Amino acid sequence: MRAFQFDRHLIDNYERFSRSFSTIHAPDLDAAIKREYAEGRFWPDALLSLNPRYQPGPWVEGLVADGTLDEATASIFRFSNGPLRLHVHQGQALSKAQAGDSYVVTTGTGSGKSLCFFIPIVDAIVRARKAGQGKRTRAIIVYPMNALANSQIEEITKFISQSGLPEDLQPTVKRYTGQESQDERKAIAKDPPDILLTNFMMAELLLTRQDEVDKHVVENAKGLEFIVLDELHTYRGRQGADVAILVRRLRARCTPDRAPICIGTSATMASEGSEESRARAVAEVASRLFGVPVGADAVIDESLQRATHDELSLDSVTPRLPEVLAAPLPEHLTNDELKHHPLAVWVELALGLDDGLILTRRPPIPFGEAAQKLADASKLDVEVCSEELARFLTQVSLPEHQRGGESEQAFLAFKLHRFISGAGEVYTTLKPPPRRVLLDGQLEDPKAPGVRLYPTRFCRECGQEYHVVTQTLQQDRTVFLPRSIDETPLEDEDAIDQAGYLTPMTEGDDDYRFDGDVETLPETWTEERNGILRSRANRRKRIPQPVTVTEEGFLAPEGRPFWFIPGRFGFCTRCWEEPSPNARERSKLAGLTAEGRAISVQNSERRMPPFLR
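Residues numbered from 1 in each chain as written. Predicted model: local features only at pLDDT ≥ 70, side-chain atom pairs only at ≥ 80, totals over all residues. Heavy atoms only, no water.

## Thoughts on the overall build of the protein
In step 1: Per the secondary structure count, the protein includes 20 helices and 31 strands.
In step 2: In terms of C-alpha radius of gyration, the protein reaches 32 Å, well past the compact-globule figure of 25 Å for 613 residues.
In step 3: With respect to the three principal axes, the spread of C-alpha positions in the protein is 105 × 75 × 45 Å.
In step 4: Evaluated residue by residue, the protein yields a buried proportion of 48% over its 613 residues.
In step 5: Sequence-distant contacts, at least 24 apart, represent 70% of the contacts inside the protein between residues at least 6 apart.
In step 6: Put simply, the protein shows about 30300 Å² of open surface, and 49% of that area lies on carbon and sulfur atoms.
In step 7: Considering the protein, the positive charge centre built from 75 side chains and the negative charge centre built from 91 side chains are found 4 Å apart. (Helix = DSSP H or I, 4+ residues; strand = E, 2+ residues; numbered from the N terminus. Rg over C-alpha atoms; globule rule 2.2 N^0.38 Å. Buried < 20%, exposed > 50% of the residue type's maximum accessible area, 1.4 Å probe, protein only. Contact = heavy atoms within 4.5 Å. Areas by Shrake-Rupley, 256 points an atom, 1.4 Å probe, with all protein chains shown as cover. Lys, Arg positive; Asp, Glu negative; His and termini not counted. Charge placed at Lys NZ, Arg CZ, Asp CG, Glu CD.)

Here's what the structure looks like:
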């Protein structure tokens, strides 16, 4: 995938999309908001992370030869084109399970954590099948969300279906997450699967709901051997306490006489301190959740290896960077050639791995910061380094056969993590232009104490600004206070507080229509009686009123002139635009965006396919 090209396309598309919801008439406000967009406030620099290589562990066939795994297990866990070799951490997890110990796997995304529990579970199942033991649910795997369960059942089903084993030896896996029909649930209760995938809410219902089908499902798990909590880091606070109680209840119902093997997985748990202190912290959390002892030695971390040559260091390749960056990037770059390539070594060690006593992955870094590091190392212009770094990463992340080699393996795979936020609300003051604009909700201008900030919305037709306010009394003085647009104005004549909007009177604007005279009201607000034009009675209370307001929000003769629109927004004083009276106040006037992140991301996803070809 052309990740950098798609990233730029994504941001350009999102900017056009998010800015399409509002027009801003006031030049000072428009310029200030354009600066925020230009500086990338709503889409900070993408984070770059490299996918490390994991140290290779035992071959599955070798584990069969030494009796660790049953040969049927090896038939399941293999690739269509050959045998499967585990990573070191997967082999360590298998050893823990074979010894009957509970453990936690804290390796990174894409490290094959699911095999750390599926392999020992499946091996126990096929051995029980061969021993003639009856069918029952031997493992329950709890996921924090259904999407993970759906993905995992697809993957394990692929392994089992290509095994070629007779049906009576093939482990069965079912999902019980609330997505299933009543007939599917009854089938699970009648014919228990070896492995049950669920979420913590459904697992709780299984144990507490007085439903005959649920009771049978739980009864089928008597003698449960494995309890797995995937994404262990999501279970914290109150939810963590709920899950800890769930695990204890599950153990009491299904395996009261002995503790099952409890397995947790997480890409992110403790991230600070030494390796030993992080392991202790993770072990303590796991012990609390599972209710069984989990020692620090049972926390399995990733074991990494370099893709580039071990004898090459940052110091040895840095002097060659200017030459490499100035030369055209060759299309022919095999993995063997890249092992000694100066830029490959620099990228791996400066951005991907920390080559200390043991290899550990570096945290993600903003791409601009990565380009600056390369510029500092090479003494070249940062723009040149940014372009060359993106081009190089794209090239080395391709399968080797697209770079002149033979294998399907990328040399250095990477991820760009792009975070996008909604633009939110505009806050500004009642000062004359140029006004200060903030996009974070605050009561006062940080640079001018006492000067209030007001949520500001815009006419959807002409862009005239409207400050969302409540008129009230403070120490016998009328003051206009900021108000949330979602606080619907109430029409109560006896109320002290009067919600509404302030909009500045504009001089020298020939398109500004309302000046306070009845003839400058929209036609729908007036009627003619006996040849005299007058305002309609049902609209009279909502006609804009002239006020002068200080920058502190107080009504005072020396203040700046505004129109105060009491109650619900009726019409734009500049262009006469009249939104539907039944619309929400938020819908009548525009903010910077009118959508949540989910909609904007979906809008961008529809444009993704060309970049995935």
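Let's pick the thread back up.
## Some details on the confidence of the model for the protein
In step 1: Model confidence for the protein is summarised by a mean pLDDT of 91, while 94% of its residues fall at 70 or above.
In step 2: With pLDDT under 50 throughout, residues 595-600 is counted as low confidence; its partners more than four residues away or in other chains account for 10 contacts. (pLDDT = per-residue confidence, 0-100.)

## Re the sheet that holds strand 1 (residues 47-50)
In step 1: Here we have three strands laid out as an open sheet, ordered 17-1-18, and antiparallel in their pairing. Edge positions in the sheet fall to strand 17 (365-366) and strand 18 (414-417), since each has one partner strand and no second.
In step 2: As defined by bridge partners, strand 1 adjoins strand 18 across four bridges and the pair is classed as antiparallel. Opposite Leu50, over in strand 18, you have Phe414 as the bridge partner. (Pairing = 2+ DSSP bridges.)

## Quick word on the pairing of strand 12 (residues 261-265)
In step 1: Counting buried residues in strand 12 gives five out of five residues, a clear majority hidden from the surface.
In step 2: Side chains Ile261, Ile263 and Thr265 project from strand 12 onto one buried face, and the interleaved Cys262 and Gly264 project onto a second face that is buried too.
In step 3: By the bridge criterion, three bridges tie strand 7 (residues 103-105) to strand 12 in an arrangement that is parallel. For Val105, the partnering residue across the bridge sits in strand 12 and is Thr265.
In step 4: Where strand 11 (residues 226-229) meets strand 12, four bridges bridge the pair, whose relative direction is parallel. Residue pairing for strand 12: Val228 is matched across the bridge by Ile263.

## Some thoughts on the packing of aromatic side chains
In step 1: In total, this model carries 15 aromatic pairs according to the counting rule given.
In step 2: On the numbers, 4.8 Å between centres and 70° between planes, the contact of Trp525 with Phe571 is edge-to-face. Here the residue Trp525 occupies a position in the loop between strand 26 (498-504) and strand 27 (526-529), and Phe571 occupies one in the loop between strand 30 (560-566) and helix 19 (585-588), the gap between them amounting to 46 residues. Comparing Trp525 with Phe571 shows no difference in burial state: the two are buried.
In step 3: Here Arg477 stacks its cationic end above the ring of Phe554, 4.0 Å away from the centre of that ring.
In step 4: Here Arg483 stacks its cationic end above the ring of Tyr501, 5.2 Å away from the centre of that ring. (Phe/Tyr/Trp six-rings, centres within 6.5 Å; stacked < 30°, edge-to-face > 60°. Lys NZ or Arg CZ within 6 Å of the ring centre and 35° of its normal.)

## Let's talk about the side chain of Asp214
In step 1: With respect to the helices, strands and loops of the structure, Asp214 is situated in helix 10 (residues 212-219).
In step 2: Taking the relative accessible area as the measure of exposure, Asp214 reaches 0% and is therefore buried.
In step 3: Among the polar contacts made by the side chain of Asp214, one reaches the side chain of Tyr176 at a distance of 2.6 Å.
In step 4: Asp214 has contacts with Tyr176, Arg185, Leu205, Leu206 and Arg209, leaving out every residue within four places of it along the chain. (Polar contact = N/O pair within 3.5 Å; in protein donor to acceptor, adjacent residues only side chain to side chain.)

## Here's the deal with the pattern of salt bridges
In step 1: Throughout the structure, instances matching the rule amount to 39 salt bridges.
In step 2: With its nearest N and O atoms 3.1 Å apart, the salt bridge here joins Glu276 to Arg280. Highlighted residues: Glu276 and Arg280, both in helix 12 (residues 275-290), separated by four residues, approximately one helical turn.
In step 3: What makes Glu276 exposed here is its relative accessible area of 54%.
In step 4: Residues joined in a network through salt bridges with shared partners are Arg185, Arg209, Asp211 and Asp214. (Salt bridge = Lys/Arg side-chain N within 4 Å of Asp/Glu carboxyl O.)

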